[in-house]
Amino acid sequence: ATGLMVGATLAQILEGKEPLPLPSATALGSLAKHVSSPREGDYTPANVTFGLMDDADVPKIRDKGARREALVRTALEKVGAWAEAALVAPTTRQTT
């Protein structure tokens, strides 16, 4: 997954486009946001957890299992939309 993210970012840069980051509603996107966000004080490393994932689009659910399922569904929707936008075929260049 990290290779796909890096490859998509590099391809977008080479195409002269602003790279689209993975959404923070996804596990990898939330971890990337965590390690790259500015902070005051000491940095605290973290593993991927549901607590890191952006849950703004997830309804408030008290049942832990149901909430995690909702987080996963949202993450899959967001990564699908990201893939459609970020993983497009490169434009062809005409040679003269």
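In what follows, the structure referred to is the one given above.
Residues numbered from 1 in each chain as written. Predicted model: local features only at pLDDT ≥ 70, side-chain atom pairs only at ≥ 80, totals over all residues. Heavy atoms only, no water.

Caption draft 1: Geometry of the overall build of the protein. The secondary structure content of the protein amounts to three helices and zero strands. Put simply, the protein runs from its N terminus to its C terminus through helices and strands in the order α-α-α. Taking 2.2 N^0.38 as the reference for a compact globule, 96 residues should give roughly 12 Å; the C-alpha atoms of the protein span a radius of gyration of 16 Å, well beyond that estimate. Summarising its shape, the C-alpha atoms of the protein cover approximately 60 × 35 × 20 Å along the three principal directions. Buried residues in the protein amount to 22% of all 96 residues. Carbon together with sulfur atoms contributes 58% to the accessible area of the protein, which is approximately 7,200 Å² in total. Averaging the positions of the 11 positive and the 11 negative side-chain charges in the protein gives two centres separated by 3 Å. (Helix = DSSP H or I, 4+ residues; strand = E, 2+ residues; numbered from the N terminus. Rg over C-alpha atoms; globule rule 2.2 N^0.38 Å. Buried < 20%, exposed > 50% of the residue type's maximum accessible area, 1.4 Å probe, protein only. Areas by Shrake-Rupley, 256 points an atom, 1.4 Å probe, with all protein chains shown as cover. Lys, Arg positive; Asp, Glu negative; His and termini not counted. Charge placed at Lys NZ, Arg CZ, Asp CG, Glu CD.)

Caption draft 2: The arrangement of the nonpolar core in detail. In terms of nonpolar packing, the biggest core is built from six residues, these being Met5, Ala8, Leu22, Leu28, Trp82 and Ala86. The set of elements that each furnish at least two residues to this core consists of helix H1 (2-14) and helix H3 (64-86). Setting aside chain neighbours within four positions, we find methionine 5 in contact with Leu22, Leu28 and Trp82. (Core = buried A, V, L, I, M, F, W, Y, C linked by side-chain atoms within 4.5 Å. Contact = heavy atoms within 4.5 Å.)

Caption draft 3: Molecular detail of the pattern of salt bridges. Tallied over the entire structure, the rule returns two salt bridges. We note a salt bridge from aspartate 57 to lysine 78, for which the minimum N-O separation is 2.5 Å. In this pair, aspartate 57 is assigned in the loop between helix H2 (27-36) and H3 and lysine 78 in helix H3, connecting sequence segments 21 residues apart. (Salt bridge = Lys/Arg side-chain N within 4 Å of Asp/Glu carboxyl O.)

Caption draft 4: How the structure looks around the environment of valine 72. With respect to the helices and strands, valine 72 occurs in helix H3. Judged by relative accessible area, valine 72 falls into the partly exposed class, the value being 38%. Here the alpha-carbon distance between valine 72 and alanine 25, two residues 47 residues apart in the chain, equals 8.6 Å.

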